[in-house]
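In case you want the letters, here they are:
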Amino acid sequence: MSTADQQAPRSLAEALRARDDASLAALLRARPDLITPVPTDLTQLATRAGTRASVVRALERLDAFALQTAEALAVAGDPATWDELLALMAGDARDPAVAAALPGALTALREQALVWGADDRLRLVRTARELLAPSPQHPSPTGLGPSVREATAGMSPGRIQEFVANAGLPSTHDSVSAVSALSSLFSRRRKMAALLAKAPAGSLDVLERLVWGPPYGQVTAEPAAHLRWLLDRGLLLPTAPGTVVLPREVALHLRAGRAHRSPEPTPPAVQPLVTHRPQVVDATAAGQAYTALTTVEELLKEWDEGGPAVLRAGGLSVRDLKRTAVALDVSEPVAAFWVELAYAAGLLASDGEADERYAATPEYDDWLERPPAERWAQLAEAWLSATRTSGVVGGRDLKERALSALGPGLDRSAAPEVRRRVLTLLAGLPEGAVPDAEAVLARLRWERPLRGPQPQGAATPHGPQSSPTAPAAPGAHGPYNSQSPQSAHGSHGSHGSRGDDDLRSRLARWTLTEAELLGVTGRGALSAHGRALLGAGAAAAARPAAGDPAPAGPGDKLPAHHRFVVPAAAAPLPAPEQAVATAAAARLLAPLLPEPLDHVLLQADLTAVAPGPLRRPLADVLSVLADVESKGGATVYRFTPGSVRRALDAGRSASDLHAFLAEHSRAPVPQPLAYLIDDVARRHGHLRVGAASAYVRCDDESVLNEILADKRAAALRLRRLAPTVLAAQADPATLLDGLRAMGFAPAAESAEGDVLITRAHAHRTGPRTAPEPVPDGPPVPDGTLLTAAIRAIRAGDLAATAPRKPAEDAAPLGPGQLPRTSSAETLATVQAAVLTGEALWIGYVNAEGAASQRVIAPVRVEGGFVTAYDHTADEVRTYPLHRITGVAELADD
């Protein structure tokens, strides 16, 4: 055996054992499910890396070219050589782009522990091969069928010899050599071309229909002559009665050696459609950011005294969502976005009362006190990391239940990754550049093809019959079937019938729309504060690693940026780094936001124009004193008797209102507005309403006579108790509303006869936290956890694999068995190790009865305990001697 063969890993565990700590850390970071929980040693890590669920998740996160490389390895020999893989990927023409990108793709597969072995013995992990290799039930994603050897397994020797003879080959003495001769013929380009040159008319057309898959077809009991010619020479092999398959070797000859019709070595480029000046983009985004703040404020002010009721199943009713959309003057999908954004930011929640309603949280009051840029940054950060997706509102779940805003079932775990990746692609463009949305979607599909639309091969070919009937194509939906990565995520979508594949594209489209609404982008281009929100290095992370030129030769050491699996910008930033990025975004946005004004323009038609955003005290008072008539670049307020009465009910006097308007108006208060205030104030409180059930009192008897004579007062069921007092069977609130509808201006009073000041009651929930995002699998481990986990795995592997000296008269131990020695032998061996300083391998059973094996370096033995440095735990520990099942010395090497 050569030295190279001795050094070549014989299993995935040995290949992992040869890696350095940085390479293991990259593997655990790319596949965090392998570290949950931490494996005891590298053998267990390799076993876990080969489980179906873990392999499916790893395949999901491959880009298109790396996945094509894995698919090619699945139809290659096991093990395969570099040259064989290159021929399958680049074809006979040796496509230079494919050849240049292949080393990078192979490195990605190795780092993911999906491929192991040297370049002359490449092995795809068994589970991945089972998923991607062709079978009668599941054709390969490449469209290739089984090899000649696989298709002829179980076939009679006489039939196989007939194929050999009809193909012009000499007969052999056994079936194995006959199959090898037939495979060799089909794999040799020149001899195969000579054989097909003799084919009758129509035979090649049949092969062309099956060459790109599915490779299965149907034949009748009496096939036509051109079909019989193919069947007699093994160019079509029977798999079942009436069903035939195109052997893999024949298909590869017709494909010029390529496993895929269209290799995708480089990602689709995201080119700008148009470019705006960066200053225009930032200004537009800042204006939309301020609109986002005012919209959220308006929403929560609308629900200030208690919002809509919570449905029994959770969420907003369709009617309440429509009302909210009307109040915000937006469409229902946009209203759902703002409602969900406020909820994700922790500003909105249900109050938890018996009659449960939605209301603002205490966090909302703190949020209002912050500077506008910081308030926007909180909303933007919540949107970037939220898994709740407003775009699916109005659709149905898998059980055909309606999905409502603020209701259950809106979490889509892929949403944060897609949002961040879309914005990162925008960050990779020049400043002010607007991308083509379809190019962005194409790029995302290349990066995650298994979560994108699955190609079903070429147009459905006809079977090799003379009549154009459909072929027998078992497993036409790909190799994953019911255990596919798609089915593992369920079928999410607006109608429940679309899978996670289509959802990813829709998430990208929603991201572009929502980023514009929120002010992360302006005119379709990423703003400066939007770039800052992604964190440092976003533009660099947007560059495709696998699409970059790579060393053309096998085994070349690749630069660090070629060693990639997941685009770096797709992963969320750690919380401290995201906080820094959010603060930086707020600093960039702050100077772009409009400065709040402290004045309005009063007009003679009882309106006031706010030429920009108003300072909070002015805006709060004006919202009570007047009604908003129109919004836009300037907000128009209208003064009405009802709005003035609302201000008087809130405890302000006429003189207070005159002074307030005079202070905040750049021109004298118009006379019609002054008259309106004085007229309403003169009549305000002339009538007094209290609780009897309710009563009305007034010093002017004629006013009470007028009320009693009015037909509209019949519903209040009033009667006179005294010349100046009327009693009603309605409650005070209903009585107040009824009298105001009749044109009076009553005021409520307390039991002591004092006028009640009715201020707006701000209903708040109890303390609430923002909803936690639903992660897409285990979280990516941080550096501290990775360091500790690798140290524990290495130590456990040392304990499991350390060579031991064979004890005299001891039976050899099997894998995983603990050593067995008597108490006297254990004590003597440990004491000797203390004197010599040598390490020992021990079997240990803890207090719970769990057995383990450890490598220790004894320091001292006393009182029935041994104190030793435990290489497995990387710390000094003390062990009771009676719990040590046995000891063995380590071999000198």
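Because the structure is predicted, anything quoted here is derived from the model rather than measured. (Residues numbered from 1 in each chain as written. Predicted model: local features only at pLDDT ≥ 70, side-chain atom pairs only at ≥ 80, totals over all residues. Heavy atoms only, no water.)

(A) How the structure looks around the overall build of the chain. Counting its secondary structure elements, the chain contains 36 helices and 25 strands. With 893 residues in all, the chain has 49% of them scored as buried. A separation of at least 24 residues holds for 68% of the contacts in the chain among residues at least 6 apart in sequence. Total accessible area computed for the chain in this model is approximately 41,100 Å², and 54% of it derives from carbon and sulfur atoms. (Helix = DSSP H or I, 4+ residues; strand = E, 2+ residues; numbered from the N terminus. Buried < 20%, exposed > 50% of the residue type's maximum accessible area, 1.4 Å probe, protein only. Contact = heavy atoms within 4.5 Å. Areas by Shrake-Rupley, 256 points an atom, 1.4 Å probe, with all protein chains shown as cover.)

(B) Fine view of the side chain of Thr 152. Relative to the helices and strands, Thr 152 is located in the loop between α10 (148-151) and α11 (157-166). Apart from residues no more than four positions distant in its own chain, Thr 152 is found in contact with Ile 160, Val 179 and Leu 237.

(C) Structural detail: the packing of helix α6 (residues 64-75) against helix α7 (residues 82-90). Two elements in contact, α6 and α7, have axes whose closest approach is 10 Å; the angle formed by their N-to-C orientations is 120 degrees. With respect to each other, α6 and α7 are oriented oblique. Seen along the crossing, α6 lies across α7 with a hand that is right-handed. Residues Phe 65, Gln 68, Thr 69, Ala 72, Leu 73 and Val 75 of α6 touch α7, and the partners they reach there are Leu 85, Leu 88 and Met 89. (Axes fitted to C-alpha atoms, helices over the stretch in contact; angles between N-to-C directions. Parallel < 35°, antiparallel > 145°, perpendicular 65-115°, else oblique. Left-handed = near helix turned anticlockwise from the far one by under 90°.)

(D) Looking closely at the side chain of His 226. Mapped onto the elements, His 226 comes out in helix α15 (residues 225-232). His 226 gets classed as buried once you look at its relative accessible area, which sits at 18%. Residues within four places of His 226 in sequence aside, it is in contact with Pro 200, Ala 201, Gly 202, Ser 203 and Val 206.

(E) Up close: the sheet that holds strand β23 (residues 865-870). Spatially, five strands are ordered β24-β23-β22-β21-β25 in an open sheet, and the strand pairing comes out antiparallel. With partners counted over all chains shown, the strands left at the sheet margins are β24 (875-880) and β25 (884-889), one partner each. The sheet shows a mean angle of 45 degrees between the axes of neighbouring strands, taken without regard to direction. Note that β23 and β24 share six bridges and pair antiparallel. Of the residues in β24, the one forming a bridge with Phe 865 is Pro 880. (Pairing = 2+ DSSP bridges.)

(F) Quick look at the packing of aromatic side chains. Per the counting criterion, the structure on display carries four aromatic pairs. Pairing Tyr 844 with Tyr 879 gives two aromatic rings, centres 4.9 Å apart and planes at 70 degrees, and the pair type is edge-to-face. Taken together, the residues Tyr 844 in strand β21 (residues 840-845) and Tyr 879 in strand β24 connect sequence positions 35 residues apart. Assigned by exposure class, Tyr 844 and Tyr 879 land together as buried. The positively charged end of Arg 375 is found above the aromatic ring belonging to Trp 367, 5.3 Å away from the centroid. (Phe/Tyr/Trp six-rings, centres within 6.5 Å; stacked < 30°, edge-to-face > 60°. Lys NZ or Arg CZ within 6 Å of the ring centre and 35° of its normal.)

(G) Broad picture of the confidence of the model for the chain. Residues of the chain with pLDDT of at least 70 account for 84%, and the chain-wide mean is 81. Of the regions scoring below 50 in pLDDT, residues 452-501 engages in 108 contacts with residues more than four places distant in sequence or in other chains. Predicted confidence for residues 539-569 stays below pLDDT 50, and this span has 68 contacts to residues more than four positions away or in other chains. (pLDDT = per-residue confidence, 0-100.)

(H) Broad picture of the pattern of salt bridges. In this structure the tally under the stated criterion is 28 salt bridges. Among the salt bridges present, the one from Glu 14 reaches Arg 10, with a minimum N-O distance of 2.8 Å. You can call Glu 14 partly exposed: its relative accessible area is 24%. Taking relative accessible area as the criterion, Arg 10 reaches 70% and is therefore assigned exposed. Across the pair Glu 363 and Arg 370 runs a salt bridge whose closest N-O atoms are separated by 3.2 Å. Assessed through its relative accessible area of 31%, Arg 370 is described here as partly exposed. Connected through salt bridges with shared partners, the residues Arg 61, Glu 417, Arg 448 and Arg 504 form a single ionic network. (Salt bridge = Lys/Arg side-chain N within 4 Å of Asp/Glu carboxyl O.)

(I) Spatial organisation of the environment of Gly 315. The residue Gly 315 is located in the loop between α17 (278-302) and α18 (318-328) in this model. For the pair Gly 315 and Leu 406, spaced 91 residues apart in the sequence, the C-alpha separation amounts to 4.4 Å. For Gly 315, the residues in contact, after removing those within four places along its chain, are Ala 309, Val 310, Tyr 358, Ser 404, Ala 405, Leu 406 and Gly 407.

(J) Expanded view of the environment of Val 280. If you trace the backbone, Val 280 turns up in helix α17. Along the backbone, Val 280 and Arg 523 are 243 residues apart, and their C-alpha atoms lie at a distance of 8.5 Å.

(K) Quick look at the sheet that holds strand β14 (residues 627-630). Pairing is antiparallel across the open sheet formed by four strands, whose spatial order is β12-β13-β15-β14. Each edge of the open sheet carries a strand with a single partner, namely β12 (601-603) and β14. Each strand axis lies, on average, 30 degrees off the axis of its neighbour in the sheet, ignoring direction. Here β14 pairs with strand β15 (residues 635-638) via three bridges, running antiparallel. Paired with Ser 630 across the strands is Val 636, a residue of β15.

(L) Region of interest: the pairing of strand β4 (residues 237-240). Here β4 pairs with strand β5 (residues 243-245) via three bridges, running antiparallel. What sits directly across from Leu 237, in β5, is Val 245. Where β4 folds back on β5, the antiparallel hairpin that results is connected by two residues, among which Gly 242 adopts a positive phi of roughly 80 degrees.

(M) Spotlight on unusual backbone geometry. Residue Pro 37 follows Thr 36 across a cis peptide bond; omega there is -5 degrees. Secondary-structure assignment places Pro 37 in the loop between α3 (21-30) and α4 (42-49). Residue Pro 79 is bonded to the preceding Asp 78 through a cis peptide linkage, with omega at 5 degrees. Positionally, Pro 79 belongs in the loop between α6 and α7. Located in the positive-phi region is Leu 406, a residue other than glycine, with phi close to 65 degrees. Among the secondary structure elements, Leu 406 is positioned in the loop between α21 (372-385) and α22 (415-427). Phi is positive for Arg 717, which is not a glycine, with a value near 55 degrees.

(N) Representation of the environment of Ser 527 within the structure. You can see Ser 527 is positioned in the loop between β11 (525-526) and α26 (528-534). Note on Ser 527: relative accessible area 0%, which makes it buried. In sequence terms Ser 527 and Leu 426 are 101 residues apart; their C-alpha atoms lie 9.6 Å from each other. Not counting the four nearest positions on each side in its chain, Ser 527 is found in contact with Val 281, Asp 282, Ala 285, Gly 519, Val 520 and Thr 521. At 3.1 Å, the side chain of Ser 527 and the side chain of His 529 are in polar contact. (Polar contact = N/O pair within 3.5 Å; in protein donor to acceptor, adjacent residues only side chain to side chain.)

(O) The pairing of β23, seen in detail. Where strand β22 (residues 851-862) meets β23, six bridges bridge the pair, whose relative direction is antiparallel. Note that in β23 the partner of Ile 856 across the bridge is Asp 870. From the end of β22 to the start of β23, which pair antiparallel, there are two residues, and Gly 863 there has a positive phi angle of about 60 degrees.

(P) Summary view of the packing of α21 against helix α28 (residues 575-589). Closest axis-to-axis distance for the α21/α28 pair is 9 Å, and the angle between their directions is 135 degrees. If you check the angle between α21 and α28, you find them oblique. Relative to α28, the crossing made by α21 is right-handed. Between α21 and α28, the contacting residues are Ala 373, Glu 374, Trp 376, Ala 377, Glu 381 and Leu 384 on the first element and Gln 578, Thr 582, Ala 585, Ala 586 and Leu 589 on the second. Within the contact of α21 with α28, the residues separate by chemical class into seven nonpolar, two polar and two charged. (Nonpolar A, V, L, I, M, F, W, Y, C, P; charged D, E, K, R; others polar.)

(Q) Focus on helix α33 (residues 701-709). Those residues of α33 not exposed but buried are Val 703, Leu 704 and Ile 707. Axial view of α33: buried residues confined to an arc of 95 degrees, hence all on one face. Of the surrounding elements, those touching the buried residues of α33 are β17 (694-697), β18 (718-722), β19 (725-728) and α34 (732-741). (Arc of directions from axis to C-beta.)

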